[in-house]
Amino acid sequence: MQDLKRMLQDIHAEVALTRRYIKRDKLDDAVLAAMRKVPRHAFVDAEMRRYAYDNGPLPIGHGQTISQPYIVALMTDLARPTRESRVLEVGTGCGYQTAVLAELAAEVYSIEIVPPLAELAAERLRRLGYQNVHLRTGDGYHGWPEHAPFDAILVTAAAPTVPPPLIEQLAAGGRLVIPVGEPAFGQELRLLEEGTDGELETHDILPVAFVPLTGGH
Ligand code: SAH
């Protein structure tokens, strides 16, 4: 499909533009293959469909947005899911990032705080036939302890600091990707990964702009 080809080219171009930040010249082939496979138009409302393959965020209702394809690809690349991985996503939104993860991981657990968004995402993911996706409505700040530990955790809304419950639910060798910061002061896409000494290492990857993580915490 022409639109998908353009989206992949735009992702490549933005990877090239940001290579000094992200310290790589290209994203993982498996991630790009997953991006090629998931129909982004199926995750947005009819009136947004013609913009579905633009490399930009789109409104999904309730003041929320589907992230830009480049950011979805980059976060997935940083999380490094494999066929054996159990992945937690906080902020299902429209379910697009969930679907990309489901193409790569064994099981994907995703939590959304806005009930109508969670219901719509569930319907879309069911219709597309994803069977390794488990959704829950609630505050993802607390993670999903019943299904922990997770090999990768992705947070798709910005928090002032990394929620401690998510760090606790990270498996040994696990990777946590999260935008951290306050809207007015700028946010950084942060990667937490276990270093060789077993301690968590923090890498700030790229300045980003995400909707805030809401909830009662
Ligand atoms: N991955 C999504 C991005 C959606 S934007 C997509 O591809 O569409 C971030 C989402 O996080 C929004 O849907 C918002 O409602 C949700 N969110 C914000 N705070 C949350 C919280 N505490 N727990 C779970 N979801 C939250």
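Residues numbered from 1 in each chain as written. Predicted model: local features only at pLDDT ≥ 70, side-chain atom pairs only at ≥ 80, totals over all residues. Heavy atoms only, no water.

Draft legend 1. Fine view of the overall build of the protein. Helices and strands together make up the secondary structure of the protein, namely 7 helices and 9 strands. Over its C-alpha atoms the protein spans a radius of gyration of 16 Å, differing by no more than 12% from the 17 Å that the globule rule assigns to 217 residues. The buried share among the 217 residues of the protein stands at 52%. Long-range contacts, defined here as pairs at least 24 residues apart, represent 55% of the contacts in the protein between residues at least 6 apart. With an accessible surface of roughly 10200 Å², the protein has 51% of that area assigned to carbon and sulfur atoms. (Helix = DSSP H or I, 4+ residues; strand = E, 2+ residues; numbered from the N terminus. Rg over C-alpha atoms; globule rule 2.2 N^0.38 Å. Buried < 20%, exposed > 50% of the residue type's maximum accessible area, 1.4 Å probe, protein only. Contact = heavy atoms within 4.5 Å. Areas by Shrake-Rupley, 256 points an atom, 1.4 Å probe, with all protein chains shown as cover.)

Draft legend 2. Here's a closer look at the site of the ligand. Surrounding the ligand, one finds 24 residues, the nearest of these being Thr65, Glu112, Asp139, Gly140 and Thr214. A distance of 2.6 Å separates an oxygen atom of the ligand from a polar side-chain atom of Glu112. Backbone polar atom of Ile113 to a nitrogen atom of the ligand: 3.3 Å apart, as the coordinates give it. Contact with the protein chains hides 99% of the accessible area of the ligand, taken as 570 Å² for the molecule alone. Sorting the residues of the shell around the ligand by element identifies β2 (64-66), β3 (86-90) and β4 (107-112) as the ones contributing at least two each. The biggest single contributor to the shell around the ligand is β2, with 3 residues. Within the shell around the ligand, the residues separate by chemical class into 11 nonpolar, 10 polar and 3 charged. (Near = heavy atom within 4 Å. Polar contact = N/O pair within 3.5 Å; in protein donor to acceptor, adjacent residues only side chain to side chain. Nonpolar A, V, L, I, M, F, W, Y, C, P; charged D, E, K, R; others polar.)

Draft legend 3. Spotlight on the sheet that holds strand β9 (residues 200-208). Spatial ordering of the open sheet is given by β5-β4-β3-β6-β7-β8-β9, a layout of 7 strands whose pairing is mixed. Both edges of this open sheet fall to β5 (133-137) and β9, since each of them pairs with a single strand only. Averaged over all pairs of adjacent strands, the angle between their axes in this sheet comes to 15°, without regard to strand direction. Pairing of β4 with β5 involves 5 bridges; the strand directions are parallel. (Pairing = 2+ DSSP bridges. Axes fitted to C-alpha atoms, helices over the stretch in contact; angles between N-to-C directions.)

Draft legend 4. Local environment of the environment of Asp10. For Asp10, the position within the fold is in helix α1 (residues 2-17). Asp10 sits in the partly exposed class, given a relative accessible area of 28%. Linking Asp10 and Tyr53, residues 43 residues apart in sequence, is a C-alpha distance of 9.6 Å.

Draft legend 5. Seen up close, the nonpolar core. Grouped together as the largest cluster of nonpolar side chains are 52 residues, with contacts concentrated most on Met7, Ile11, Met35, Tyr70, Leu74, Tyr96 and Leu206. The element contributing the most residues to this core is helix α4 (residues 69-79), with 8 residues. The contacts of Tyr96, once residues within four sequence positions are left out, are Met7, Met35, Val38, Arg40, Phe43, Ile66 and Val72. (Core = buried A, V, L, I, M, F, W, Y, C linked by side-chain atoms within 4.5 Å.)

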